[in-house]
Amino acid sequence: MSSISTDVEDEGFGGLSKIRVVQVLLAVAVLLTVAKPILPDFLIRVPETWVPPFAVWLDAGFNFLIDDLKLAVLTRWIAEGPLEFMLDTTANLLEGKRRWPFIGPTPWTTIAAVAVVVGYYLGGWRLALLAGGTFVWTALIGQWKIAMQTMSVLTVAAPLAFFIGLGLGIAAWKWRSVDRAIKPILSILQTLPFFTYLLPAVIFFKVGPTAGAVATIVYAIPPMILMTTLGLKKVSPEVVEAGKMCGCTKFQMLTKVYIPAARTEILVGVNQVIMLCLAMVVLTAFIGMPGLGAKLLAMMGSFKLGRSFEIGVTIVLLAVMLDRLSKAWVVKLPEHHEKGTPWWKQHIYLVAAIGAFIAFLLIAQVVQVADHIERSQDFSKGKEIDGLIKGFLNIDAVQAFTGWWRWFLNVWVLIPFRNSLLWIPTPAFILAIVAFAYYLGGKKPGIYAAVFFSLIALSGWWDRSVITLYAVISAVILSMFIGIPLGIFASRSEKWSKRILLACDTAQTFPSFIYLIPAIMLFGVNDVAVVFSIIIFTTVPLTRYTIEGLRTVPLELTEAADMSGATKSQKLWSVQLPLALPTMAVGFNQAIIFAFFMVIIAAFIGTQDLGQELQKTLAGTELGKNFVLGLCVSLMALTFDLAIMSWAEKRKRALGLG
């Protein structure tokens, strides 16, 4: 406790201790809230006349770029030239779109066979079965064409995001000015809601695969930049010195020394790029991108839950397969062969993949089913599953259970909490947030919180922002009651830790759209469904980092607690949890960021928050409004991110952990 109290005293402001400053801020906030009935209107909500026309200014800036600088001409040329050419090529090869090179579509059996070889090369028979089985499932269930529409964009977007991110990461590592300039941009990009990426892509490029590819690329670039920079900074001086002693040029040092030495971090970036690309390419259904996302959106819109379930399984399998393959690539070391080894032995798996491709290509010419699955031949059971789901939901016990929870959470928890937050005067709300950020993170996060939430108040979207925040806070608090106990339970057993971490890994690969399906199935379309879909998404990081935090507590400290006669409960609350909190804080932070992301996805259910307004902007050309709404979400997420991560760093230093 001494380290905490010292930290509190050191963070004073204007001669007051941190605790005293927080008390003053909260006292003023409470006073303003209690006095609301007699407060003038401008102290309750910012008057409309005081709201700067941010959207108009942004629209003017975008119009200048589009009309005066003719940026749209350049972007449309890119969209209709090289980008469309690449997308048409992959679409022709994978789904048979009538464009160059006019040789598609590739038979599903050839792709499945090559996937088996790649999976075996990277991870053995289990990964081979996963890779091949995913494509077999996709074909047999009758979703091959729509899956290949998604994959045709993914195969273009992921490599482009990789190369752009790698180049910018190298630049940020090499030049400090680039690093300083790019960091705040990356922070904003990583917290912007996905709708904010979609409208500019449509306006500057064009509706469909090109806009979807651009939005996907921009969305996936940040982790590649960060991981490249991190990897290059971690290269040991001994390795660098050895390269210099060999007489390497600057380019050789980069390509032969630095990048190979940073291979692990760069490949982790590749894994994140692939997963973010898949997540985003599904969400680009909102701007006319065909494929799995568009089909899922249509099925969910017509409440065909059985078909939605099948498409969801396909998306999940693709996500898990790509995640496992890219992670296996990260840990797989390069193979070296003795001098004089024949070329085919050095590249035996490449030869096997080519052989499998040619063999099944020939088979497909004479066996129709090996080439494509007709509609009458597939094994889709969407209607049957739909009937089973509806039958299950019509069971009296299930209806009673879900109905009671829907009533209880809506009437006694969610709606009262939302109305309470909306009732608080804007200045009081801002002061409470500033007190929270200042207490956790110190002066800088407190100042940022004041600036960020003041900008939100001046945006004209305060009430919508509060409703968004209410959904996030509700979901994170409720997910704590699931994730933290689950993490504590799992941390006590190596067997259960592995099982639950595997479940967390798998759940994190699911595209966010999937979580709406059980929410709608169980609770219909209301606030409970919104919060429930967020809870599923946010429980994963809370569970994961609780396990990791508790498992990394030094063994000698737990043994000392045992020797002093502490009970399991005393050891947990007095030793393990305090030491695990800095790691758990990362889980809290990720849960909040995930919640802000998911609450925008939940706009599809029908909410009254910023996500609903963002979704409406996609129907027009209101770029300014789109960015103002997106920045409101981003500023709220950044406020919590800065405060929590600042606290975690200080706590680690106080405990001597880093």
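Residues numbered from 1 in each chain as written. Predicted model: local features only at pLDDT ≥ 70, side-chain atom pairs only at ≥ 80, totals over all residues. Heavy atoms only, no water.

> Lay out the overall build of the chain with the relevant residues and their values.
When its secondary structure is counted, the chain shows 30 helices and zero strands. By the compact-globule yardstick of 26 Å for 658 residues, the chain fits well, its C-alpha radius of gyration being 27 Å. Counting only C-alpha atoms and orienting by the principal axes, one finds that the chain spans roughly 80 × 65 × 60 Å. For the chain, contacts bridging at least 24 residues in sequence account for 79% of all contacts bridging at least 6. If you sum the accessible surface of the chain, you get close to 31,500 Å²; carbon and sulfur atoms cover 68% of it. Looking at charge distribution, the chain has the averaged site of its 53 positive side-chain charges lying 3 Å from that of its 40 negative ones. (Helix = DSSP H or I, 4+ residues; strand = E, 2+ residues; numbered from the N terminus. Rg over C-alpha atoms; globule rule 2.2 N^0.38 Å. Contact = heavy atoms within 4.5 Å. Areas by Shrake-Rupley, 256 points an atom, 1.4 Å probe, with all protein chains shown as cover. Lys, Arg positive; Asp, Glu negative; His and termini not counted. Charge placed at Lys NZ, Arg CZ, Asp CG, Glu CD.)

> Can you break down the packing of aromatic side chains residue by residue, with the values?
A complete count under the given rule lists 31 aromatic pairs for this structure. Pairing phenylalanine 42 with tryptophan 50 gives two aromatic rings, centres 5.7 Å apart and planes at 40°, and the pair type is tilted. Residue classification places phenylalanine 42 among the partly exposed residues on the basis of a relative accessible area of 42%. An aromatic cluster of at least three residues, connected via ring pairs, comprises Phe194, Phe195, Tyr197, Tyr219, Phe286, Tyr515, Phe537, Phe594 and Phe597. A cation sits over an aromatic face here: lysine 18 above tyrosine 439, 5.8 Å from the ring centre. Over the face of the ring belonging to tryptophan 496 we find arginine 499, whose NZ or CZ atom lies 4.9 Å from the ring centre. (Phe/Tyr/Trp six-rings, centres within 6.5 Å; stacked < 30°, edge-to-face > 60°. Buried < 20%, exposed > 50% of the residue type's maximum accessible area, 1.4 Å probe, protein only. Lys NZ or Arg CZ within 6 Å of the ring centre and 35° of its normal.)

> Could you give an account of a positive patch on the surface, naming the residues involved and the relevant values?
A cluster of basic residues, Lys295, Lys304, Arg375 and Lys383, forms a positive patch at the surface. Here lysine 295 shows up in helix α14 (residues 292-301). You can call lysine 295 partly exposed: its relative accessible area is 32%. (Patch = residues over 30% accessible without salt bridge, like charges linked within 9 Å, V, L, I, M, F, W, Y side chains within 5 Å. Salt bridge = Lys/Arg side-chain N within 4 Å of Asp/Glu carboxyl O.)

> Pulling in residues and values, what's your account of the layout of surface pockets?
Looking at the second largest pocket, its volume works out to about 1,100 Å³. Taken together, 37 residues line the second largest pocket, and the ones lying closest to its centre are Val114, Val118, Thr155, Leu322 and Leu325. Residue assignment for the lining of the second largest pocket shows that the elements contributing at least two residues are α4 (71-94), α5 (108-123), α7 (144-174), α13 (263-283), α15 (305-331) and α17 (348-366). A per-class count over the lining of the second largest pocket returns 29 nonpolar, seven polar and one charged. (1 Å grid on protein atoms, 1.4 Å probe; cavity = no way out; pocket = protein on both sides within 12 Å on 5 of 7 lines; lining within 4 Å. Points joined across faces, edges and corners; volume = space filled by probe spheres on them. Nonpolar A, V, L, I, M, F, W, Y, C, P; charged D, E, K, R; others polar.)

> Account for the domain arrangement of the chain, with residues named and values stated.
We note that the domain assignment places domain 1 (106-140 + 303-394) and domain 2 (397-409 + 462-655) within the chain. For domain 1 and domain 2, the distance between their C-alpha centroids amounts to 32 Å. At the interface, 15 residues of domain 1 touch 13 residues of domain 2. Around 1,200 Å² of area is buried between domain 1 and domain 2 when both sides are counted, 77% of it from carbon and sulfur atoms. Three residues stand out in domain 1 for area buried against domain 2, namely Val316, Arg324 and Leu393, and they jointly supply 34% of the buried area on that side. The interface formed by domain 1 and domain 2 holds zero salt bridges in total. Connecting domain 1 to domain 2 are two residue pairs in polar contact (both at pLDDT 80 or more). For the side of domain 1 that touches domain 2, the secondary-structure elements that each account for two or more residues are α15 and α19 (382-393). (Domains from an automatic or database assignment. Buried area = accessible area lost by both parts, 1.4 Å probe. Polar contact = N/O pair within 3.5 Å; in protein donor to acceptor, adjacent residues only side chain to side chain.)

> Describe in detail a nonpolar patch on the surface, supporting the description with residues and values.
On the surface, Trp343, Trp344, Ile348, Leu350, Val351, Ile354, Phe357, Ile358 and Leu362 cluster together into a nonpolar patch covering about 860 Å² of accessible area. Those elements that place two or more of their residues in the nonpolar patch are α16 (343-346) and α17. The element that contributes the greatest number of residues to the nonpolar patch is α17, accounting for seven residues. Tracing the backbone shows tryptophan 343 in helix α16.

> Account for the packing of helix α27 (residues 555-563) against helix α28 (residues 568-601), naming residues and giving values.
Contact geometry of α27 with α28 gives a least axis separation of 10 Å together with a crossing angle of 170°. In terms of axis orientation, α27 runs roughly antiparallel to α28. Seen from α27, the contacting residues are Leu557, Thr558, Ala561 and Asp562; seen from α28, they are Lys571, Val575, Gln576 and Leu579. For the contact of α27 with α28, a count of residues per class yields four nonpolar, two polar and two charged. (Axes fitted to C-alpha atoms, helices over the stretch in contact; angles between N-to-C directions. Parallel < 35°, antiparallel > 145°, perpendicular 65-115°, else oblique.)

> Which residues make up the pattern of salt bridges, and what values go with them?
Note on pairing: side chains with opposite charge can pair once their charged atoms come close. Under the criterion given, the structure shown has 17 salt bridges. A salt bridge links lysine 327 to aspartate 323; its shortest N-O distance comes to 3.5 Å. Taken together, the residues lysine 327 and aspartate 323, both in helix α15 and four residues apart, mark about one turn of the helix. The closest approach of N and O atoms between arginine 418 and aspartate 527, which form a salt bridge, is 3.6 Å. Here arginine 418 is found in helix α20 (residues 396-423), whereas its partner aspartate 527 is found in helix α26 (residues 527-551), with 109 residues between them in sequence. Relative accessible area serves as the criterion here: at 16%, arginine 418 is assigned to the buried category.

> Please provide a residue-by-residue account of the packing of α26 against α28, values included.
Packed helix pairs are specified by the crossing angle of their axes together with the interaxial distance, meaning the distance between the axes. The contact between α26 and α28 brings their axes to 7 Å, and the two run at 150°. With respect to each other, α26 and α28 are oriented roughly antiparallel. For the crossing formed where α26 meets α28, the hand is right-handed. (Left-handed = near helix turned anticlockwise from the far one by under 90°.)

> Can you lay out the confidence of the model for the chain for me, pointing to particular residues and giving the numbers?
In this model, the chain carries a mean pLDDT of 90, and residues with pLDDT of at least 70 account for 97%. A low-confidence stretch, residues 1-10 (pLDDT under 50), is modelled with eight contacts involving residues beyond four sequence positions or located in other chains. (pLDDT = per-residue confidence, 0-100.)

> Hey, could you go over helix α25 (residues 516-523) for me, with residue numbers and the actual values?
With six of eight residues buried, α25 is to be regarded as a mostly interior element. Every buried residue of α25 is listed here: Leu516, Ile517, Ala519, Ile520, Met521 and Phe523. On its buried side, α25 packs onto α14, α15, α19, α20, α26 and α28. Immediately downstream of α25, the backbone of glycine 524 shows phi near 75°, a positive value.

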